[in-house]
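Notes for the structure review
In case you want the letters, here they are:
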Amino acid sequence: MAKTQMKTKTNAKTTITLIPGDGIGPEVTEATLRVLEAAGAELEYDRHLAGAEAYEKLGTPLPKALLDSVRRHRVALKGPVTTPVGGGFRSINVELRQRFELYANLRPARTLEGLPTKFPGVDVVVVRENTEDLYGGLEHVVVPGVVESLKIITAKASTRIARFAFDYAVQHGRKRVTAVHKANIMKLSDGLFLDCFRKVAKGYPQIAAEDRIVDNMCMQLVMRPEAWDVLLLENLYGDIVSDLCAGLVGGLGVVPGANLGRKHAIFEAVHGSAPDIKGQNVANPLALMRSAIMMLRHLGKDDVADRLRAAIRDVVVRQKIRTHDLGGKATTSGFADAVVAALQR
């Protein structure tokens, strides 16, 4: 793990905050909890509602009890939460990241053999700055019909996320960090981000440092995704490019995600809540299971993480058991059953 994120080594039972989410969230969360128990994770859960369901029942989409729980336990596992489009309450994901200063969004995108994808050999890690840029939500109406949205980029946040990316590269045997930007057009904001990246890179001579313009980077990823290593991006670009990278390796249903700060960490599936298939037992729990593996490593439970990772690979690669979105016939619970059986073997 990068040195900027808290990591607790313990074999004792650990309590974490659990946010099942809404839509398919409770289903994929339940499947993930089953495999964590079978793997011997030794976890206890402090459950809390968030989003639309919390708003309906408690009058707020982000209850104080949930915030207190994350503050107390410092680690959370979160299912997908619906964000209203074009109105309604603010994104729960963005709010949590800013409340707990979870400045680094870490999204590995690696090819898992046997999954339906046109791009073998992909192993890209997206590091996304999580706290500023256009996601600050600073918008206002100038005059009717004209809206201004402010893009905030600071040297503090840009330097911090660049250090995280290089620390991650060093600690995980990576060779290259590529900063992705639009400094040819946004010469001050993206120019500041790029300047901070270059200054930080001087402290890591063992890691190759380069930069790409974001539109060119998207083209390069589609043409030769296997050529890239660690990508460092501002918030908006990181959101878009990380989804692109997920599409290269099978989709959002298979890619894990972590939001990391100095004191707190939230691990989540990065896909949406898919309310159209809620309750049908067809959702893919793989993304949240793989996010849970990242969480286990963060907690110092590497042996458990290794067991769960091996069991998932056995199910997906050797047994070829997959959910509908990956061309298979397994249900949500059926996929969890297969992983539990692999762990028991």
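Residues numbered from 1 in each chain as written. Predicted model: local features only at pLDDT ≥ 70, side-chain atom pairs only at ≥ 80, totals over all residues. Heavy atoms only, no water.

Turning our attention to the overall build of the protein. Across its full length, the protein holds 11 helices and 12 strands. In terms of C-alpha radius of gyration, the protein reaches 20 Å, essentially the compact-globule figure of 20 Å for 345 residues. Here the C-alpha coordinates of the protein stretch approximately 55 × 50 × 40 Å along the principal axes. Counting over 345 residues, the protein shows a buried share of 54%. Expressed as a percentage of contacts within the protein between residues at least 6 apart in sequence, the contacts between residues at least 24 apart total 75%. Counting every atom, the protein has about 15,000 Å² of accessible surface; 54% of that belongs to carbon and sulfur. (Helix = DSSP H or I, 4+ residues; strand = E, 2+ residues; numbered from the N terminus. Rg over C-alpha atoms; globule rule 2.2 N^0.38 Å. Buried < 20%, exposed > 50% of the residue type's maximum accessible area, 1.4 Å probe, protein only. Contact = heavy atoms within 4.5 Å. Areas by Shrake-Rupley, 256 points an atom, 1.4 Å probe, with all protein chains shown as cover.)

On to the pairing of strand E8 (residues 176–181). Burial analysis of E8 places 5 of its 6 residues in the buried class, the great majority of the element. By the bridge criterion, 6 bridges tie E8 to strand E9 (residues 208–213) in an arrangement that is parallel. Its bridge partner being in E9, Thr178 is matched across the sheet by Glu210. In this fold, E8 hands off to helix H6 (residues 189–201), which returns the chain to E9; that crossover is right-handed. For E8 and strand E10 (residues 230–233), the ladder comprises 4 bridges, and the chain directions are parallel. In the strand pairing of E10, Val180 is matched with Leu233. (Pairing = 2+ DSSP bridges. Right-handed = clockwise from strand over helix to strand, strands pointing away.)

Core analysis: the largest hydrophobic core is formed by 90 residues, its most contacted members being Leu36, Leu308 and Val339. Broken down by element, the residue count for this core peaks at 9 residues, all from helix H9 (residues 286–298). Other than its neighbours up to four places away in sequence, Leu308 contacts Val35, Leu36, Ala39, Met289, Ile293, Leu296, Val339 and Leu343. Core analysis: the second largest hydrophobic core is formed by 13 residues, Ala50, Leu67, Phe100 and Leu102 among them. (Core = buried A, V, L, I, M, F, W, Y, C linked by side-chain atoms within 4.5 Å.)

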